[in-house]
Amino acid sequence: MKLAKKECVVMLLAGGQGSRLGALTTKIAKPSVPFGGKYRIIDFALSNCVNSGLDTIGVLTQYQPLTLNSYIGDGKSWDLDRMYGGIQILPPYQRVADSEWYLGTANSIYQNINFIDQYAPEYVLILSGDHIYKMNYSIMIDFHKEIDADCTISVIDVPIKEASRFGILSSDESGKIIDFEEKPKKPKSTQASMGIYVFKWSKLKKYLEIDDKTPGSSSDFGKDVIPLMLRANEKMYAYKFNGYWKDVGTIDSLWQANMDLLGENSFELSDDWIIYSRHAEKPPHYVGKDAVINNSIVSEGAVILGAVENSIIFSGVIIGENAVVRDSVIMADVEINKNCVINYSIIDEMVKIGANLKIGRPMGEDSEITVIPRESVINNMGGII
């Protein structure tokens, strides 16, 4: 069935396991991980789409999708509950002869060619649902159209010591891509792919079909489709992004991105580029007469009776009398009882911590971030139940 034409359809990859986030993703997908006091990671890509005037979005889910599917719902929180277009969840599905998981990022798009075709778009924007940033995609799409590119990849400069974690490309003075390598051991440049691609749909469809017929392909954009297009001499350009962008794929990077909300000139949430989220309405946070809060974000519904320093406190958190929380991320509905000391930690949602306990070591060169899994109960003996 053909629907009315859309110039650009967004495909948002949100099925990743996020295994490097350890205990935080044993029950939920990486894009569902809470962030910044009231958000989940996927809020940033969704809000960027809405703020950029893009209203037709397919969200591709796979690993532990229940929380993510429930969170997105009908898309109303992002003004995406549309009769035409809007947001649609796209899990793997059974086809005529077989049923299979998405085999890679490119295969997930290939399996949803019919979803895209019904809108007959000229362009497809591919996004990852697991990065923290603000970006006006419409400017990148305009750049893509002006130079008549077949593929445009958004890039950001990274330190050379970190470059091997990313897809690294080299481009000439005009921005034309001349080399691309996925997670190279010896990077040739510091231009890192942000996992944001604009394609001409006719070109992308062609190469997805070629990739599907290629024996041994991992069906991944960075490993297979992008190099295939480059070898075929398609017009591929780099779009340089100069703003804040963080791949929160590790415990350290997730903690740092939260802390960046507290630093000067780091990452600002309170400006005109609104990040929308879906969260239950709760009463204002309460700060007791003996409580102390320094350089922290405290969300609605939290009750602070102790001390909070350099930390992110989500909604519904209770911090008891004489408890101290430093350099930590405390997610929604955590209960920290009296006289506890929490240092350099990420405490996942709905954890209960008994009185008089110490968790985590003070931040320093030899310290590692302590992570307490979702719904854990820590008793007075320090064990996790």
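This text follows the structure it describes.
So, here's what we can say about the structure. (Residues numbered from 1 in each chain as written. Predicted model: local features only at pLDDT ≥ 70, side-chain atom pairs only at ≥ 80, totals over all residues. Heavy atoms only, no water.)

## Describing the sheet that holds strand β15 (residues 292–294)
Move 1: The sheet built from five strands is open, its strands ordered β15-β18-β21-β24-β27 with parallel pairing. At either margin of the open sheet sits one strand with a lone partner, and together these are β15 and β27 (358–359).
Move 2: As defined by bridge partners, strand β18 (residues 307–309) adjoins strand β21 (residues 324–326) across three bridges and the pair is classed as parallel. Within β21, the residue paired with Ala307 across the bridge is Val324. (Pairing = 2+ DSSP bridges. Helix = DSSP H or I, 4+ residues; strand = E, 2+ residues; numbered from the N terminus.)

## Quick look at the sheet that holds strand β19 (residues 312–313)
Move 1: With respect to topology, five strands assemble into an open sheet ordered β16-β19-β22-β25-β28, the strand pairing being parallel. Looking along the sheet, the strands with just one partner apiece sit at the ends: β16 (297–298) and β28 (370–372).
Move 2: This element, helix α8 (residues 251–260), spans β19, β22 (329–330), β25 (345–347) and β28 of the sheet and lies at about 90° to β25. (Contact = heavy atoms within 4.5 Å. Axes fitted to C-alpha atoms, helices over the stretch in contact; angles between N-to-C directions.)

## Examining the environment of Ala23
Move 1: Mapped onto the elements of the fold, Ala23 is located in the loop between β1 (8–13) and β2 (34–35).
Move 2: Linking Ala23 and Val292, residues 269 residues apart in sequence, is a C-alpha distance of 30 Å.
Move 3: Once residues within four sequence positions are removed from consideration, Ala23 is found in contact with Asp348, Val371 and Pro373.

## Notes on the nonpolar core
Move 1: In this structure, Leu254, Ile313, Ile319, Ile330, Ile336, Ile346 and Ile353 are the most contacted members of the largest nonpolar core, which totals 52 residues.
Move 2: Counting residues per element, the ones that place at least two in this core are α8, β19, β22 and β25.
Move 3: When residues of this core are assigned to their parent elements, the largest contribution, five residues, is made by α8.
Move 4: Setting aside residues up to four positions removed in sequence, Ile313 forms contacts with Gly37, Ile297, Val298, Ser299, Ala302, Ile304, Val308, Ile319, Val325 and Ile330.
Move 5: Ranked by size, the runner-up nonpolar core spans 37 residues in total, among them Ala14, Leu80, Ile141 and Val198. (Core = buried A, V, L, I, M, F, W, Y, C linked by side-chain atoms within 4.5 Å. Buried < 20%, exposed > 50% of the residue type's maximum accessible area, 1.4 Å probe, protein only.)

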